[in-house]
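Secondary and tertiary structure notes
Here's the letter readout for the chains.
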Amino acid sequence: MSKPLGSFPGGLKLNGHKKRSTQSPIRKTPLAKTLILPLQQHIGAAAVPIVEVGDKVLKGQRIARAEGHVSVCLHAPSSGTIKAIDEQAIPHPSGLNAPCITIETDGEDQWLERQPVKNFRDMSAHEIRQIIRDAGIVGLGGAGFPSFIKLNPGVHHDVETLLLNGAECEPYITCDDMLLRERAEGILDGVEIMQHALRARNVILAIEDNKPEGVSAMELALAARPQLQNTSIMVIPTRYPTGGEKQLIQVVTGKQVPSNGLPIDIGIVSHNMGTAYAVGRAINHGEPLISRIVTVTGTDVTHAGNFETLFGTPISELLAFAETKRQPDEPFILGGPMMGFNLSGDNLPVTKTANCILVGVDDAAPASEPLPCIRCGDCATACPASLLPQQLYWHSRAKDFDQTRDYNLFDCIECGCCDYVCPSKIPLVSYFRFAKTEIMNQEREHQKSDLARERFETRLARLEREKQEKEERQRQRKAALAASKAKKEKQEQAAAEADTTATENKEN
Amino acid sequence: MGIFRISPPFLAGANRVTLQMLQVLLAMIPAVFAMVYFFGPAVLINITLALAVALASEAVMLKIRKRPVKPFITDGSAAVTAILLAVAIPPLAPWWLTTIGVMFAIVFAKHLYGGLGYNPFNPAMVGYVLLLVSFPLEMTTWLPVISLSENPVDFMSAFQLIFHGETSSGLAMDTVSGATPLDAMKTQIGQQILPEYIVNQNLFGIFGGLGWEWINVWFAVGGLYLIYRRVINWHVPLAMLATIFVFSSITAIFAPETTGSPLFHLVSGGTMIGAFFIATDPVSGSTTVKGRIVFGAGVGALTYIIRIWGGYPDGVAFAVLLMNMAVPLIDYYTQPKVYGAVK
Ligand code: SF4
Ligand code: SF4
């Protein structure tokens, strides 16, 4: 076991409320009648459907292909018929609809023939990445970034450390904890593959010290696997937001990822434990990513726990299975209580990034009118990114976006620590999200107008060029004429004058 | 089920402005009792008057500015301002003096700048300085400690002195008043008397001014409680006290005839209330960690300089206001380095 080498500033000690959902083992959510699959469940370009309404599909069959470089495929989570390809409500804070494929399941749950890889060590990194991309695997910690990209360090980088993020620092969420306890073997399958693909020199499995069962399960599994070299478990102190990629790297290595840089710049690649598990399933079992473990918990949930749930399952069915006191259409939280968002709507489906559904928070923050900022600086003390949230707030509120950039708005990880400690109860994170969106919109506008200007300028340049070419041609013609004229002059000087007039008349 | 926040984070933090202000009020209680013990019930009359004026001015200003009265009047900030100012005013000061000071603090120094959170200057200190420059005589006639007083002032006579200027038995203000130890130190050093002789007078106690030393100790105890409860942080008080200590030690070593001992300065006048309750005002202070240290050190240095070379016996109020002015600059130059910034 290795020891953490650093720590990050700020952060919070929060009551985890994790016991509630770790009392029973992972259960399988029953197969739903309809599965609604948004084409974009990841960061990047939406997948493109390759099936049509009425098609029969098998479990694990690809139904949409990756589009462009940053994208992944999508698969049928169960066998059935494509019922619709249209816009549906998706679990997104905007409340907007987005293109989805809807499958009516036939109850057979019949697999497409799976093609496991016999020995991944015979495969190149490129081939492994291809399979992972085709299997639709994205970061399951919550962000949903396509995993195959993070398995490609590029030619210029050596991977010193592959970091497995098992911090799970947000209160209430326990899906990684349960995965560690019950499927440590499967996680290590994926870790082996990732290490091979990245040629990482060492591997660190970082787990917060509030998961002793997970740690010992992982220790056992690791001891039984001597082929996994230079791999160690690191138990890290429980503190929010240790699970943030940058914070975890700082805790584990004592190093900071450069601002605007990537972990790979300091030789680190990090993946979530659940992602490693999915990679193992994809390579060793030929199973694409069609389900995930979702924590369902909260004060209003009767049988809180973790549920292995097929993507597309309506959240309402999952909640019904776990039994809640929630009334239809009452809101719930998707994600944790610090960074998740409030949703309502019964038909919203479980997606690849849905790690937790929270119904009823123990110390729920009441809606209240914020008082003015009293400049107490508590927010700055709590900020893990060493920002000055009160300044960011001040300038976001004044829509002074240049200033927010000067105060490094884009280094804000939206962890909510500042918000949590603010004595004036100012919704700081909402202001920061607002400012970020505004700036990005402005930038898009800028790009558009830049493009327009560029087009305009290209056109001007073309016109200018054409004009010059024309003049050049005329000049050449004149010169040629002049030359021939001079010749002629020598030969027949008398005809010279008439010739010149004619040339001039031709000009236009 | 109540109505909950609809944007993250959904967890409630325990921090509240009102709770913090209540803690501050609580932390002042021991020192206020010490003051009552040493100077009599007049202190309480003064505080009550200041509180009433402050809350009334606050309510009127909120109404005029069309702000919701309830959340702001209950935030406790006006009460804190009132008490800070009340304990800085001589206990037997006439009622109109307290009233003017408090009203000015709340109306001008706070609300005309935009109310809670927007005032660049510490309101209590603005009120205090206004009174000090406008009514220097009234503001520097303190009560002697009860044990030294030939005419201890009881509750009734205190009441009459504050509201009528004299008691029913004809006792007037000047017959009961006396100088503070800081005053005495300054005046007598001016008369070429050596500090070591000065502190042997009965105006002085074990390690500071009689009475004042304990009042300062109790303010410090209250302040440490606030640090413990994380209502204030340690940077400002430590920086301020350390600076005063260093400055006075230097003078004590190189020019002992010019001033009192370092300990005397730490427990005299407004040192402790200044360090723990006034300079720590978040609104008018610096928000960064380094900035707070700079701010505290600045207040300490200016306090000491004004005490020694200035025209007033104590300099805490001026020092705080001067440093308030420097806050935007301090904040700007003491921004923390963000995560991942190039080293
Ligand atoms: S915690 Fe709230 S009140 Fe305090 S400085 Fe930050 S934003 Fe202002
Ligand atoms: S939300 Fe942003 S500003 Fe607030 S504490 Fe987290 S990183 Fe800092």
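Residue indices follow the written sequence of each chain, beginning from 1 at its first position. Chain letters start at A and ligand numbers start at 1, both assigned in the order the entries are written. Given that this is a predicted model, residues contribute local features only at a pLDDT of at least 70 and side-chain atom pairs are listed and counted only at 80 or more, while totals for whole chains, interfaces and linings are drawn from all residues. To get the side-chain values, take all heavy atoms of the structure and skip hydrogens and water.

You'll find chain A entered in an unreviewed UniProt entry as Ion-translocating oxidoreductase complex subunit C, with Methylophaga thiooxydans DMS010 given as the organism. UniProt positions are given in the numbering used here, feature names are shortened, and annotations may be inferred rather than shown by experiment. For the record of chain A, the UniProt heading Sequence similarities (unreviewed entry) holds the text "Belongs to the 4Fe4S bacterial-type ferredoxin family. RnfC subfamily." As its UniProt record puts it under Subunit (unreviewed entry), chain A is described as follows: "The complex is composed of six subunits: RnfA, RnfB, RnfC, RnfD, RnfE and RnfG."

As a further point, take the overall build of chain A. Helix and strand labels come from DSSP, where a helix needs a run of H or I of at least four residues and a strand needs a run of E of at least two; each type is numbered from the N terminus. In terms of helices and strands, chain A carries 12 helices and 17 strands. Atoms considered for the radius of gyration are the C-alpha atoms alone. The globule rule reads 2.2 Å times the number of residues to the power 0.38. Against the 2.2 N^0.38 benchmark of 23 Å for 508 residues, chain A shows a C-alpha radius of gyration of 30 Å, more extended than a compact globule. If one aligns the C-alpha atoms of chain A with their principal axes, the spans along those axes are about 115 × 65 × 50 Å. In chain A, which comprises 508 residues, the share counted as buried stands at 51%. The long-range share in chain A, meaning contacts at least 24 apart out of those at least 6 apart in sequence, stands at 73%. Residue burial considers only the protein chains on display, and all accessible areas are found by Shrake-Rupley using a 1.4 Å probe. Working note: accessible area of chain A is about 23,400 Å², and carbon and sulfur atoms make up 50% of it. Only four residue types enter the tally: Lys and Arg on the positive side, Asp and Glu on the negative side, with His and both chain ends excluded. Where a charge lies is defined by one atom per residue type, namely NZ (Lys), CZ (Arg), CG (Asp) and CD (Glu). The average position of the 58 basic charges and that of the 64 acidic charges among the side chains of chain A differ by 4 Å. Working definition: with a 1.4 Å probe on protein chains only, accessible area under 20% of the residue-type maximum means buried, over 50% means exposed, and in between means partly exposed. We call two residues contacting when some pair of their heavy atoms lies within 4.5 Å.

Turning next to the site of ligand 1. Taken together, the neighbourhood of ligand 1 is formed by A:Cys373, A:Ile374, A:Arg375, A:Cys376, A:Gly377, A:Cys379, A:Gln390, A:Cys422, A:Pro423, A:Ser424 and A:Leu428. Residues were grouped as follows: Ala, Val, Leu, Ile, Met, Phe, Trp, Tyr, Cys and Pro as nonpolar; Asp, Glu, Lys and Arg as charged; and all remaining residues, including Gly, as polar. Here the residues of the shell around ligand 1 sort into seven nonpolar, three polar and one charged. Nearness is defined per residue: one heavy atom within 4 Å of the molecule or strand is enough.

Taken residue by residue, the interface counts 58 residues in chain A and 38 residues in chain B. The term buried area refers to how much accessible surface (probe radius 1.4 Å) is lost by two components on association, counted for both of them together. Summing both partners gives a buried area of about 4,100 Å² for chain A against chain B, and 59% of it is carried by carbon and sulfur. The term salt bridge refers to a pairing of a side-chain nitrogen on Lys or Arg with a carboxyl oxygen on Asp or Glu at a separation within 4 Å. At the boundary of chain A and chain B, one finds one salt bridge. Between A:Arg375 and B:Asp331 there is a salt bridge whose closest N-O contact spans 3.3 Å. Polar contact is defined as a pair of N or O atoms within 3.5 Å, subject to the rule that within protein one atom must be able to donate a hydrogen and the other to accept it, and that residues adjacent in sequence are counted only when both atoms are side-chain atoms. Linking chain A with chain B are 19 residue pairs in polar contact (both at pLDDT 80 or more). Take the side of chain A that touches chain B: its biggest share by element is four residues, from helix H8 (residues 389-397) of chain A. Within the side of chain A that touches chain B, the residues separate by chemical class into 32 nonpolar, 16 polar and 10 charged.

Residues and elements named next belong to chain A. Strands are treated as partners if at least two bridges between them are detected by DSSP. If you trace the six strands from one edge of the open sheet to the other, you get E1-E14-E13-E17-E15-E16, paired in mixed fashion. The sheet is open, and its two borders are formed by strand E1 (27-28) and strand E16 (341-343), each paired with just one other strand. Summarising the sheet, strand E13 (residues 291-297) and strand E17 (residues 356-358) pair through three bridges and their orientation is parallel. Directly across from Val296, in E17, lies its bridge partner Ile357. Fitted lines through C-alpha atoms serve as axes, helices being fitted only where they are in contact, and the angles separating the N-to-C directions of these axes extend from 0 to 180 degrees. The strands that helix H2 (residues 175-198) touches are E13 and strand E14 (305-310); relative to E13, the one it contacts most, it runs at about 120°.

Right, let's get into unusual backbone geometry. Of note, the amide linkage connecting A:Tyr240 to A:Pro241 takes the cis form, showing an omega dihedral of -5°. Inspection of the secondary structure puts A:Pro241 in the loop between strand E11 (231-236) and helix H4 (245-253). Of note, the amide linkage connecting B:Pro8 to B:Pro9 takes the cis form, showing an omega dihedral of -5°. The topology assignment puts B:Pro9 in the segment before helix H1 (17-39). The phi torsion at A:Glu168 lies on the positive side, around 45°, for a residue other than glycine.

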